Each structure stands twice: as C-alpha cells, then as structure tokens.
Protein chains: 2
Amino acid sequence: MMMAASASSSSSSSAAEVDQSSDNLRPPASVCDGWYGVAHGCTRKLGMKICGFLQKNNSLEEKSRMVGSFREKEQSHNRENREKESRFTHTETDFSNLFARDLLPAKNGEEPTMQFLLEVMEILTNYVRKTFDRSTKVLDFHHPHQLLEGIEGFNLELCDQPESLEQILVDCRDTLKYGVRTGHPRFFNQLSTGLDIIGLAGEWLTSTANTNMFTYEIAPVFVLMEQLTLKKMREIIGWPNGEGDGLFSPGGAISNMYSVMIARYKYFPEVKTKGMSAAPRLILFTSEHSHYSIAKAGAALGFGKENVILLSTDERGRVIPADLEAKIINAKQKGYVPLFVNATAGTTVYGAFDPINDIADICEKYNIWLHVDGAWGGSLLMSRKHRHKLNGVERANSVTWNPHKMMGVPLQCSAILVREKGILQGCNSMCAGYLFQPDKQYDVTYDTGDKAIQCGRHVDIFKFWLMWKAKGTVGFEQHVDRCLEVSEYLYNKIKNREGYQMVFQGEPQHTNVCFWYIPPSMRNMLDGEERRERLHKVAPKIKAMMMECGTTMVGYQPQGDKVNFFRMVISNHAATKSDIDFLIEEIERLGQDL
Amino acid sequence: MMMAASASSSSSSSAAEVDQSSDNLRPPASVCDGWYGVAHGCTRKLGMKICGFLQKNNSLEEKSRMVGSFREKEQSHNRENREKESRFTHTETDFSNLFARDLLPAKNGEEPTMQFLLEVMEILTNYVRKTFDRSTKVLDFHHPHQLLEGIEGFNLELCDQPESLEQILVDCRDTLKYGVRTGHPRFFNQLSTGLDIIGLAGEWLTSTANTNMFTYEIAPVFVLMEQLTLKKMREIIGWPNGEGDGLFSPGGAISNMYSVMIARYKYFPEVKTKGMSAAPRLILFTSEHSHYSIAKAGAALGFGKENVILLSTDERGRVIPADLEAKIINAKQKGYVPLFVNATAGTTVYGAFDPINDIADICEKYNIWLHVDGAWGGSLLMSRKHRHKLNGVERANSVTWNPHKMMGVPLQCSAILVREKGILQGCNSMCAGYLFQPDKQYDVTYDTGDKAIQCGRHVDIFKFWLMWKAKGTVGFEQHVDRCLEVSEYLYNKIKNREGYQMVFQGEPQHTNVCFWYIPPSMRNMLDGEERRERLHKVAPKIKAMMMECGTTMVGYQPQGDKVNFFRMVISNHAATKSDIDFLIEEIERLGQDL
C-alpha cells in the first residue's frame, strides 16, 4: 500500500516519482472508493481529487513559489534536468549495428535513442552554423539524373530491408549537403527566406509534440495560442476589438481559396447544399499581377477560370480602380453577379500594393466581398513606417497574411482572417460526430476543426507564437523596416548604374526590386525584336551559372510583354548591404561576357 | 591573391576553408577571365569549372574514397564534426540577459545560438524520454479558461517587447507540460498516435532545411524523394510499373478533395474554365460511414452537399454494392450524371473496408471514377497478411493514403495517388511564370508545384522517406501486423466480458474496436429509451475522468442511431497488450459507480 500512503499525504512529490518502477498509474481501489459517491455532476473536481496524487506541484506552497517567479522556476527546471539528463551526455556510439528497432519504445532503447537524437542534433546545429557562414555555398547544384544515379553513394531508392542508424545519419547529412540553404544570407530566390533560430526551435518542439489542431482535447495549448495570435493579427488589421475569425492554413493559396469560399457562402449560402447551379453566374475580380491562386481557386471551386476577371494595372502593377468599376458594370450588364474582389497587398513580382481604399469604395457601392491578399505584403502592417501602404485594409471582409514570408517565420505559416464571426464555421462545418462531440467536459467552442476544409491540421502556430514572444511586436517591426532598408539600398545602387534597367520606375513599395542586367555586348543595341530575344536569355543564363557556382540565388521571370528580368526580394534578416554588393558584383561577373 | 593561388591548385581543401575570414566567395576576375570564352551553350560545365575551387571533395582521389564506403565516410564526418563542434559542448549559460536579437545572424551570435539550441534540445529529448515512460501522465488537463488565465505564470498573451531567452525556454517547457503526449503508449484517442524516433529526426531536419516543394530548384533532394516514394506506393497499390502520378497534400481531407477535382476534370475538363454550369448535375457517392471530407469537398468544389449521395452499409459499416447500383440508376433516371464513387478502405469509426472489387465492377459498368479513401486503411497494403482487405484497389482511379496514420509517420503526411499520368497537372496548372520558368537549366518536369492547388507546399516527404530507409518495407509490415495483433487481443478480451457490449459483431477488420461499457447499475436494465439515454452519457463521463486523471485517452462518439460508444484504435508502436489491460481496468475503475 505504498502508493496509497503517498497519495493521502498529498506531498509535492508524485506517486510516479515515489514508485518509479510501477508500470501502472491506477490507484488501488481502496484509495479511490471514497470519492466515487460524489462523481455525478462534478466530474472535473472529482477527477482532480482522484488524480491529485499524480500531479506534480500541487501543494499550495509550491504553487505560490512558482507563480511569478520565472527565474526561480527556470533554475529549478535546470537543476531537475541536469540531474536527470546527466546520463545522456553525448558519447561516441557505434551506430553501425544499431537499427530503428533498437530505439524507443524498444527495451533498453533509451540510451541509443538519446545518442541518436543527439547525433542528429549535431548534424543540424552544424548545418545551422554553416548556413550563416558566407564562405559556405548556398547550394551544391546537381541535375536530377545525377542525384537519381546516386552521387557519392547517396542512394535515394527505398528498400525492403532496414538500414543501420549509421547509414541513416549519413543520409541525413547527404540530404542537407545536396539541398539548398534557404537561410543563407545570399539566398534571395523566394519570398520566404532566412532561418530564424527561435522559429526553428519552435518547429522542433512542434514536431516533438506531434499533434493536430482539430480539437482543444489534443492540442489545448496550441489551439489557444492560435486564437490569441489571430486576435492580435485582427487588431493590427484594425478590426474593432480584434473581433472576427480565422485559421492558419497550409499556405497563401489555400488561405485565398478560403476567402472565395466564404464570400460565396455569405451571399449564396445555398451553394453549400445545392451546388453552383443554385447561384447565378458569379464573377471574381483580381489584378493581372495578382497571385495565380485566385484563378486556381476559381477553377477548383467551380466558378471557372473565365469567370475570374483580370483587372488592368498601372505601370507599377497596381490595380486601376476605374478599370475595376468598368468591369463590374460590364459583368452586371451581362446579367452576371460580381461576388468577390481581391486586392493584393504586395504582388509577387513587383511587390505592388493595390489601392485598398479606392477598391473598398467600389466594393461597398456594389455590395461585393473585398478580400486583401496580403500573403506577401501583410507583414508591413507590423511597421509604423510602412503600414500606410495597406491603408483601408480594415475595410476588407477577409485578409490573407503569411508570416512565413516577410516575418521570417519558418514554413508553413499562413493565416486567413475573416471580419465576420461565425461565417467560417457556417461555410465549412459538417459536424462530424466522431471528432466534435458536443458532450465533452470542456467548452467545445474551442474545437476549431470544423471550420476548416481540412480535417487534421498541422500545428503552424507555435513557432510564430514563440517568435512573437521572443521578439515582441517591435522585433517584427524592426525586421520589416530593415529588409525594406536593404532593398532601398539595392534600388539606389542600381537605378542609375551602367548596365541596369529598371522594370518599373520609382522606388518599389515592397522589397521587390525588378531589373534587367544588360551585358556590355548589348548596351548599344537598339530596342527591337533581336534585343528582346537576347535579353530574354540573359537572366536564365546568369541564374544557371549562379546555381552551378552556388554563390547566390535570385529569381527571374517574364511578366506580360516584358522579357525575363531579375526579381530581387529581401525577407532574410541575415542579408546585409554587403550581400547586395556581392549580388551585383556576381551578376556582373557572370554576365559581362554574355 | 591568396584566393587565386588556392583556386589554381585545385586541392581538396576549398577556398572557403583556406580563407575562413573572407566575406566573399567571388573569385577575383583574373582567375575567371579565361573561362568566359566558352560560356555559351554549356553553362553547366562552365559553372563547374568556374566554381570548382569552391567545392569540397572535388579531387578524384577523395571521391573514390567516399563512394561505396559509408562507414569510412561516416567516420570522417564524425572526425570533422568533432573537431568543429568541440567548441559547442553544452555549457551552463545564463539566458536571462540574452534575447532573440543576440542569436545568429547577430555578430558573435554563434555561441549563444548553439547554447540555446542545445538547451531546447535537452527539453525535447527529456520530453521524448518521458513520453515512453508509463509513469508519466498522458496529459495534465486544464480548462481553456484556466490556461488563458495563466497557470503558474504561463502567460499566453503576446507583447510588444521581447522576452529573454530564459523565459522562452520556460515557455517551451510549459507548452509541452500542458499539452497532450500523443506518443504515450496509452494515448489511443486518434488515428494518428505514437512518436517515431526516426520520423521525429526527419521532421527536425525538415524544419532546419526550411524549404518548399514547389520546384526542384529549391528542394532538389526532397522533390526526388517524393517522386520515388510515390512510385513505390503506386507499385504497392498494384498499378503497372508504379506508373501514374501523385502528391503529398496537407492531410486526407485535401487528398480526397483532389480526387473529386481530378474526376471532374477527367470527365468535364471544361469546368476548369467555365465553371460548374458547363456540366450537368454531377453526383458523388460515398458511404454513410465514410469520412466527412467527401461531403466537405462536394460543398467546397461547387457540387453541393445534397449531390453527395450517402450509401447504405451493412451492420459492419461496409457499403452494400447493390445499394450503390440502385442509387446510380436512380440518379441517372433523374437525368443526373454519376461522376465519382468513394470506397473507403478503413472507415474512421468502425475501421470497415468497403468491397472494392464489387464497387469497381459497378464503376466500370457505368463509367464512373473510383476513388479509394485509404487514409486510415491504406497502410494495410504494407502487410502481406492484411492487404487482401483492399483487394481491387489496383482498379481505383485514385487513392488517398495517409502514412501519418497507420504507419506512424509524424503529422502531416498524406498522399493522393492517381493512376493516370498528366491529369493532376492538367487539372490544376495555371503556369505561373514567376515560379515555373520553362527556360531553366535543368529538366523542369521535376517542378511539381503547378500540379497542386497550393503554391508553397510543406516538405512532408523527408520523415517518411527516412523511416522507410530505416525500417525497410518489412518494418512497416511488422508495425501494421503488430498493431492489428494488439487490437485483436483487445477484441478477444472484451467480446464476452461482463459489462461490455460490442457495437458490431465479429472480429474488426482494422484496429478499430467499438464497444459500450455498461456500468454495473445498468446491467439489468431492459433496453429502451431510459437505458439509451443513460448509456449515452457513460462514455463521455468516463472519458472526462480519464482526461482529468491523465492516465489514458480513448475516443467515443455516437454513430447513426447508436448512442455514444468507445472507439479504440491502435496505431502506436509503443502500445502493448499490458496497455490494453490497463485501459480496460481504467474504464472499469472510473465507470463502475456510474
């Protein structure tokens, strides 16, 4: 009856600690019998009583010591860990005769598990360290067929029989070796760059917790973090009291798809039940510079691509409001119903911000849903200096905002934010009984899964929440301001430099700097088809050489009738002005003889 | 000219190593000038030459030593790491005056970064170790309002100012403390349970690589791993030569949504352009026991929920083929077009397998797309003993298969597999020029992003690929067989036990064991409304107490006219027969006085 004794003493040490050898947490019947009489109607308190002896830190004294004393708590944690972890100093281990089956939950699996994880950790920290080291290449380029053939024994094929942990560790190293260092200070290829250490730690923890966002039941902390963070984002958008709704989704394209779905549900809720045939011909509007996900959503959701009307833009890639109004009127004249307007805050290529207030005026006039796709530019809301570029965003019905882009949060982290409460739920709920039981013991409004088009949903919130804690709102502001400053430096450096031609005139609104590099051999060529054709090939050639050198990476693309040009973007907090200098020198080095 | 000297020597040590202090990888012009003459038409080779001096292991001698000698390579890696990493032994660090801004890329940020990450690692390995320790609780339950109020100083609110790294570490510990241990041997609450150590290492690496699946350019290794793994899965399904297509998507619901989209595109490709009005009224069929994501997809994609016809099932939850045929005929008589049939391989609640061959016969007869939702049951294909339950799956046009469920892969990992090549691309492509440039230097058919409805796509493949390497196909087979064995043990234990009533008769097809626990006070009650009402409340009460005790977790739900019952599922490789014994004793302990 040792356990019973420790239970009744209600000491701060748990039964688990007293009897470490026990394989069974269940208290003996004699202890618990007395509690059952009060079970009905108050299970929670009962539970707390029954299980009191299982809980750590349940004495009042200990609690009061903990609350408000982080430092002390931390130190106590440290002490505790040190004692328990002392066994797991990283020692030389021969992994050649160890296999996955030898790891936990295998008998005696703790030691090899810890050693294996510490070895993995060493590989990863090593990689992190080198990522920030400019003497390391951004990538070690190989063609698909080369990797498929198995370079230096790196064999991608899957086998029937297991490989040793030694080989698994080699596979991990090789995977990193032949990959791309997206956190390298000279990786400019994507809107998402950089390797944030706090975010990384957050992702590691998320992986370790390995849970799912659909219910409070199995993700209590993450569900609440999501709610609080989304509220904060809505406050920053400017919706009264941060009211509204939202979700983190698997990327900006899905967030944009949500916005279209919700708009349809708002105006034509019967489509959920009856399908698109229950609605008139519905029209979506988005600029020709906007992200292709709006057209993709139009195709997927049954509107049809040709009912996604592309709006003309000015030379900077911003929607011309008069064109929107004309096209709305035109659609109405044909008997169609304008449903949805997407205003982009930060286009993918030019980084342009559509004039939200002007667009909102038109949407209000014609009673149309206004969505702001701020996947790329939404983060400028964090900056007092730059947020004016999104003036009017508070008038939007929904907003896409990807912290995994301009805020440096690791992939994936995209929010869809909705001004009207309840509509996400109304649009998507199917009331699956096996998941969302109404008769749970807690407030089930925290079970958010039925709002999503997904069932299981990856935990994307923790890394973001942790970064916000660690940097504060001001830290994100500094990050945004700094990236824009670096891009301004690039713009000023090349706008009048010989051999460069800007794709559009004037200072960019975001960190996108779009330009052609003109090799010396072309500088005296007259404009015309031949020059266009040659220029079209310059960026791809330079890019290919960059990748094979592994020194830096920057994107290029054509846009409309404009031939291939470079699009520089900066979202990496590791990138400095000297990296910009390097990039320009590198372009000139590689391109001078083209 | 030190760099030039080292470049021309083409030694096995890289320039980077020779000149660690250099902030600039660019070779001086004098070295490179000679190469430019041959630049045109052969950029790849040129690149290799220009950059040869930047690459490690580029001497022939060193290469030959590496190839085929993993052991040696491993040891050399170890040596290298040990030398470089010796600085980063985990030392006591005072994090109270350190902030995120002190970490990399900050000047002198390397040491605090490494110490911080090692500290995080200690928290995580500690958590992993305890997860497998049965004396640890599965969860430490608190109500939403309790966590929101800030338990023991765990403050979820976000602030303007940064917190110290010491506080961040406390936040990490608290996040884990108040979460749910989904890897605990006694966590049976979800289809996805368990904490696979290799998968965990894979996720950590994925987070560290922090890249995106849309192009080969920035995820060369992961893109190839995805291709090879999907091909292997198609081979296992039984499609000739593993031909076909596929993607990893953010969960089974999205995979199922893909299947509906592709089916529509196959038969009515004009919907992509013109919308649902271009097609007749299209009908989807799925069983009343199937996952709600089929209905969700029907609603989202513009079919309408009422055009998702639910099929009747037998008492075991399996589709009755005759009912399908009758409903197809009925729809056709009304002038509607039957488009799509979903056969579930492993239903969520009963674990039932629809008779695929019978359904395939009907689909062929009426020319209807056959999808098999094997999110839960697809993994039985890995078992020679159990794969017969999916007989006929090779006749499906598309298959959903979630390795993150029955194969123990960490969340998220769901595949949509398609028999016909090219159709995914046709259905979803929008040809975004800024991302999918046709004029890249490599084979751009490896850029898979335009097949997806997402733009950016999380790297879900690596952990799965690594687990496959580490366990082999046989390892997955053992996992599946073992889980089914444990569930068979549970079924045999309770099928005739006093106080238990099975929800359906006969041995379950999957690991789902569905049962009512009848408290002693109800055992002599006659069937009727009063008994039903009381029984309906038993499972929720026991579940609530379980959660508050934190000893175990198992799901419950009603189904059709059946009141709340427990649904046990086993997918955790850590769960043993003794854990089943524990669960049963726990249910009886908590339920005996209800």
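Residues numbered from 1 in each chain as written. Chains lettered and ligands numbered in written order. Predicted model: local features only at pLDDT ≥ 70, side-chain atom pairs only at ≥ 80, totals over all residues. Heavy atoms only, no water.

Named according to an unreviewed UniProt entry, chain A is Glutamate decarboxylase 1 originating from Tachysurus vachellii.

*Asks:* Mind showing me how you'd approach the relation of the copies chain B and chain A here?
*Replies:* The second copy of the chain is related to the first by a rotation about an axis and a shift along the axis. Rotating chain B by 180 degrees about the axis while translating it 0.0 Å along that axis superimposes it on chain A, leaving an RMSD of 0.0 Å. Considering both components of the superposition, the chain copies are consistent with a two-fold axis. Minimal C-alpha separation from the rotation axis in chain B is found for B:Leu301, amounting to 2.0 Å. The share of interface residues of chain B whose copies in chain A are also at the interface is 100%, consistent with both copies meeting through the same surface. (Least-squares fit on C-alpha atoms with pLDDT ≥ 70 in both. Contact = heavy atoms within 4.5 Å.)

*Asks:* I keep staring at the packing of aromatic side chains and nothing clicks. Help me out?
*Replies:* For any pair of aromatic rings, the description consists of the separation of the ring centres together with the inter-plane angle of the planes. Enumeration over the complete set of coordinates arrives at 36 aromatic pairs over all chains. With centroids separated by 6.4 Å and ring planes inclined at 70 degrees, the aromatic side chains of A:Phe95 and A:Phe116 adopt a geometry described as edge-to-face. Here A:Phe95 is found in the loop between helix 6 (70-85) and helix 7 (110-131), whereas its partner A:Phe116 is found in helix 7, with 21 residues between them in sequence. The pair A:Phe95 / A:Phe116 is uniform in exposure class, with both members buried. Three or more aromatic residues link up through ring pairs in this structure, and these residues are A:Phe154, A:Tyr178, B:Phe222, B:Phe462 and B:Trp465. Directly above the ring of B:Tyr336 sits B:Arg281, whose terminal nitrogen or CZ lies 4.2 Å from the centroid. (Phe/Tyr/Trp six-rings, centres within 6.5 Å; stacked < 30°, edge-to-face > 60°. Helix = DSSP H or I, 4+ residues; strand = E, 2+ residues; numbered from the N terminus. Buried < 20%, exposed > 50% of the residue type's maximum accessible area, 1.4 Å probe, protein only. Lys NZ or Arg CZ within 6 Å of the ring centre and 35° of its normal.)

*Asks:* Hey, could you run me through the pairing of strand 5 (residues 337-344) of chain B in this one?
*Replies:* Successive residues of a regular strand alternate their side chains across the two faces of the sheet. All names here are of chain B. For strand 5, the tally of buried residues reaches seven of eight residues, placing the bulk of the element in the interior. One ladder, built from five bridges, connects strand 5 with strand 6 (residues 369-374); its direction is parallel. Counterpart to Ala-343 in the pairing with strand 6 is Val-372. Taken together, strand 5, helix 16 (residues 356-366) and strand 6 constitute a β-α-β crossover, and its handedness is right-handed. (Pairing = 2+ DSSP bridges. Right-handed = clockwise from strand over helix to strand, strands pointing away.)

*Asks:* Help me understand the sheet that holds strand 11 (residues 553-559) of chain A in this model?
*Replies:* In sheet architecture, strand pairing relies on hydrogen bonds along the backbone and comes in two forms, parallel and antiparallel. Residue and element names in this part refer to chain A. Across the sheet, five strands lie side by side as 1-11-12-10-9; this open sheet has mixed pairing. One side of each edge strand has no neighbouring strand; the edge strands of this open sheet are strand 1 (187-188) and strand 9 (500-502). Sheet analysis places strand 1 next to strand 11, joined by two bridges and oriented parallel. Each bridged residue has a counterpart across the sheet, and for Phe-187 the counterpart in strand 11 is Met-553. Sheet contacts for helix 19 (residues 529-549): strand 9, strand 10 (513-517), strand 11 and strand 12 (562-568); angle to strand 11, the most-contacted strand, approximately 155 degrees. Along the sheet face, helix 20 (residues 577-591) touches strand 1, strand 9, strand 10, strand 11 and strand 12 and points at about 25 degrees away from the line of strand 10. (Axes fitted to C-alpha atoms, helices over the stretch in contact; angles between N-to-C directions.)

*Asks:* Help me out: how do you make sense of the side chain of B:Asn564 in this one?
*Replies:* Relative to the elements of secondary structure, B:Asn564 occurs in strand 12 (residues 562-568). A distance of 2.7 Å separates the side chain of B:Asn564 from the side chain of A:Asp439, its partner in a polar contact. (Polar contact = N/O pair within 3.5 Å; in protein donor to acceptor, adjacent residues only side chain to side chain.)

*Asks:* Which parts of the structure should I look at to understand the packing of helix 10 (residues 197-209) of chain A against helix 9 (residues 165-177) of chain B?
*Replies:* In a packed pair of helices, the relevant descriptors are the angle between the two axes and the axis-to-axis distance. In contact at an axis separation of 11 Å, helix 10 of chain A and helix 9 of chain B are set at 15 degrees when each is read in the N-to-C sense. By the angle between their axes, helix 10 of chain A is roughly parallel relative to helix 9 of chain B. Relative to helix 9 of chain B, the crossing made by helix 10 of chain A is right-handed. Of helix 9 of chain B, the residues touching helix 10 of chain A (which contributes A:Ile198, A:Leu205 and A:Ala209) are B:Leu165, B:Cys172, B:Thr175 and B:Leu176. For the contact of helix 10 of chain A with helix 9 of chain B, the per-class residue count stands at six nonpolar, one polar and no charged. (Parallel < 35°, antiparallel > 145°, perpendicular 65-115°, else oblique. Left-handed = near helix turned anticlockwise from the far one by under 90°. Nonpolar A, V, L, I, M, F, W, Y, C, P; charged D, E, K, R; others polar.)

*Asks:* Sorry, what's going on with the interface of chain B and chain A here?
*Replies:* Quite often, the size of an interface is put as the accessible area lost when its parts meet. Contact residues are listed per partner, giving 223 residues for chain B and 222 residues for chain A. Both sides together, the interface formed by chain B and chain A hides about 20300 Å², and carbon and sulfur atoms give 61% of it. Run the count over chain B and chain A and you get ten salt bridges. Of the charged contacts, one joins A:Arg129 and B:Glu110 as a salt bridge, the two residues approaching to 3.4 Å between their closest N and O atoms. Seen at the junction of chain B and chain A, the total is 63 residue pairs in polar contact (both at pLDDT 80 or more). (Buried area = accessible area lost by both parts, 1.4 Å probe. Salt bridge = Lys/Arg side-chain N within 4 Å of Asp/Glu carboxyl O.)

*Asks:* I'm lost on the pattern of salt bridges in this one. Help?
*Replies:* Two side chains of opposite charge can pair, provided their charged atoms sit close to one another. The full count for this structure, using the stated rule, is 62 salt bridges over all chains. A:Lys365 serves as the salt-bridge partner of A:Glu325, at 2.6 Å between the closest nitrogen and oxygen. You can see A:Glu325 sitting in helix 15 (residues 321-333) and its partner A:Lys365 sitting in helix 16 (residues 356-366), a full 40 residues away along the chain. Its relative accessible area of 21% is what places A:Glu325 among the partly exposed residues. Across the salt bridge formed by B:Lys577 and B:Glu485, the nearest N and O atoms sit 3.9 Å from each other. One end of the pair, B:Lys577, is in helix 20 (residues 577-591); the other, B:Glu485, is in helix 18 (residues 461-494), with 92 residues separating them in the sequence. The exposure class of B:Glu485 is partly exposed, given its relative accessible area of 42%. Each of A:Glu217, A:Lys440, A:Asp447 and B:Lys543 takes part in a single network of salt bridges with overlapping partners.

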